[in-house]
Amino acid sequence: VEISEKPDFKAGRFVSADTFQLKLKLMPLLHRSVVVDRLKASGVKIRVLRRKDGDFNFSDLMAASTATAPSKAPAPAAPASMPFDLRVSEAAIADGEISFTDEALGAKVIIAGLNASAWNLGLSAPFEADVSLGVNAQYRGKTYDAKLAWKGRANYADGKLSKMSASSKKLVVEYAGITLSATG
């Protein structure tokens with residue numbers, strides 16, 4: 001799976017994945033419920049670029065959808081809860097990479113070796129997750145490297161920020177030769 005930069009692949013790849021697997025149940029869609037048995041991807045690479053003018057390399061994707069929309073009154077306030085239910089039995093990313101380059105600041109951040117799994121993932125109930133990654137950041141001629149591993153429970157709480165939560169079974173952070181570890 002690949003999505004090119006504008007105008008085509010000669011300009012680079014915005015998103016790519018070596019493999020992508022989605023197993024979706026169709027009947028729950030009739031009841032405004034999205035039920036995914038399996039969502040897996042490997043070799044995912046996402047390249048985000050903020051140009052010197054402040055535009056992002058994906059700005060044209062959003063501009064196309066808003067440019068064609070007719071002018072209308074402001075949208076009503078968001079409902080108190082999500083307009084649909086989402087449940088994912090198993091979600092996983094293996095060997096992912098996300099790079100962010102800010103041309104205006106001269107900064108670059110690469111998240112590599114991203115491995116993440118989540119079980120019983122939903123918008124309104126707690127779910128189990130396991131995440132590990134490495135971070136390399138470059139800014140003003142300095143390089144910063146760190147590693148993070150986290151296993152625990154999280155709750156998106158229907159998007160209500162004041163009710164979102166996360167608890168750790170295990171957390172390991174490595175930076176500048178120091179390893180911090182917590183369990184519980």
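Let me sum up the structure you'll find in this document. Nothing here was measured: the structure is a model prediction, and the numbers come from that model.

So, how was this worked out
- Residues numbered from 1 in each chain as written.
- Predicted model: local features only at pLDDT ≥ 70, side-chain atom pairs only at ≥ 80, totals over all residues.
- Heavy atoms only, no water.
- Helix = DSSP H or I, 4+ residues; strand = E, 2+ residues; numbered from the N terminus.
- Polar contact = N/O pair within 3.5 Å; in protein donor to acceptor, adjacent residues only side chain to side chain.
- Contact = heavy atoms within 4.5 Å.
- 1 Å grid on protein atoms, 1.4 Å probe; cavity = no way out; pocket = protein on both sides within 12 Å on 5 of 7 lines; lining within 4 Å.
- Points joined across faces, edges and corners; volume = space filled by probe spheres on them.
- Nonpolar A, V, L, I, M, F, W, Y, C, P; charged D, E, K, R; others polar.
- Buried < 20%, exposed > 50% of the residue type's maximum accessible area, 1.4 Å probe, protein only.
- Core = buried A, V, L, I, M, F, W, Y, C linked by side-chain atoms within 4.5 Å.
- Salt bridge = Lys/Arg side-chain N within 4 Å of Asp/Glu carboxyl O.

A few words now on the side chain of Asn136. Residue placement: Asn136 occurs in strand β8 (residues 127-139). At a separation of 2.7 Å, a polar atom in the side chain of Asn136 contacts the side chain of Asp145. For Asn136, the contacting residues outside a window of four places in its chain are Lys108, Val109, Ile110, Thr143, Tyr144 and Asp145.

Moving on: the layout of surface pockets. Looking at the largest pocket, its volume works out to about 180 Å³. Taken together, 13 residues make up the lining of the largest pocket; nearest its centre are Ala91, Ala92, Ile93, Ala116 and Ala118. For the lining of the largest pocket, the secondary-structure elements that each account for two or more residues are β4 (33-42), β6 (85-102), β7 (107-122) and β8. For the lining of the largest pocket, the per-class residue count stands at 11 nonpolar, one polar and one charged.

Let us now look at unusual backbone geometry. Phi is positive for Asp95, close to 55°, though the residue is something other than glycine. Assignment of secondary structure puts Asp95 in strand β6. Non-glycine residue Asp158 carries a positive phi angle of around 55°. Structurally, the position occupied by Asp158 is in the loop between β9 (142-155) and β10 (165-175). The class for Asp158 is partly exposed, based on a relative accessible area of 23%.

By size, the foremost hydrophobic cluster in this structure holds five residues: Ala118, Phe127, Ala129, Trp150 and Ala154. When residues of this core are traced back to their parent elements, those giving at least two are β8 and β9. Discounting chain neighbours no more than four positions away, the residues touching Trp150 are Ala129, Asp130, Val131, Ala166, Ser167, Ser168, Lys170 and Leu171.

Attention now moves to the environment of Ala125. Position of Ala125 relative to the elements: it lies in the loop between β7 and β8. On the basis of relative accessibility, which here comes to 36%, the residue Ala125 falls in the partly exposed class. Each C-alpha atom of the pair Ala125 and Arg87 lies 9.3 Å from the other, and the pair is 38 residues apart in sequence. When near neighbours in sequence (up to four residues on either side) are disregarded, Ala125 contacts Ala154 and Asn155.

Let's shift gears to the pattern of salt bridges. Opposite charge on two side chains permits pairing when their charged atoms draw close. Following the criterion strictly, the structure yields seven salt bridges and no others. For Glu2, the salt bridge identified is with Arg13, shortest N-O distance 2.7 Å. You can see Glu2 sitting in strand β1 (residues 2-4) and its partner Arg13 sitting in strand β2 (residues 13-16), a full 11 residues away along the chain. Between Lys25 and Asp37 there is a salt bridge, with its nearest N and O atoms 3.9 Å apart. One end of the pair, Lys25, is in strand β3 (residues 19-25); the other, Asp37, is in strand β4, and 12 residues separate them in sequence. Judged by relative accessible area, which is 40%, Lys25 ranks as partly exposed. Residue Asp37 is classed as partly exposed on the basis of its relative accessible area of 22%. Where salt bridges share partners, they join Arg38, Lys40 and Glu90 into one cluster.

That's the geometry; what it means functionally is another story.
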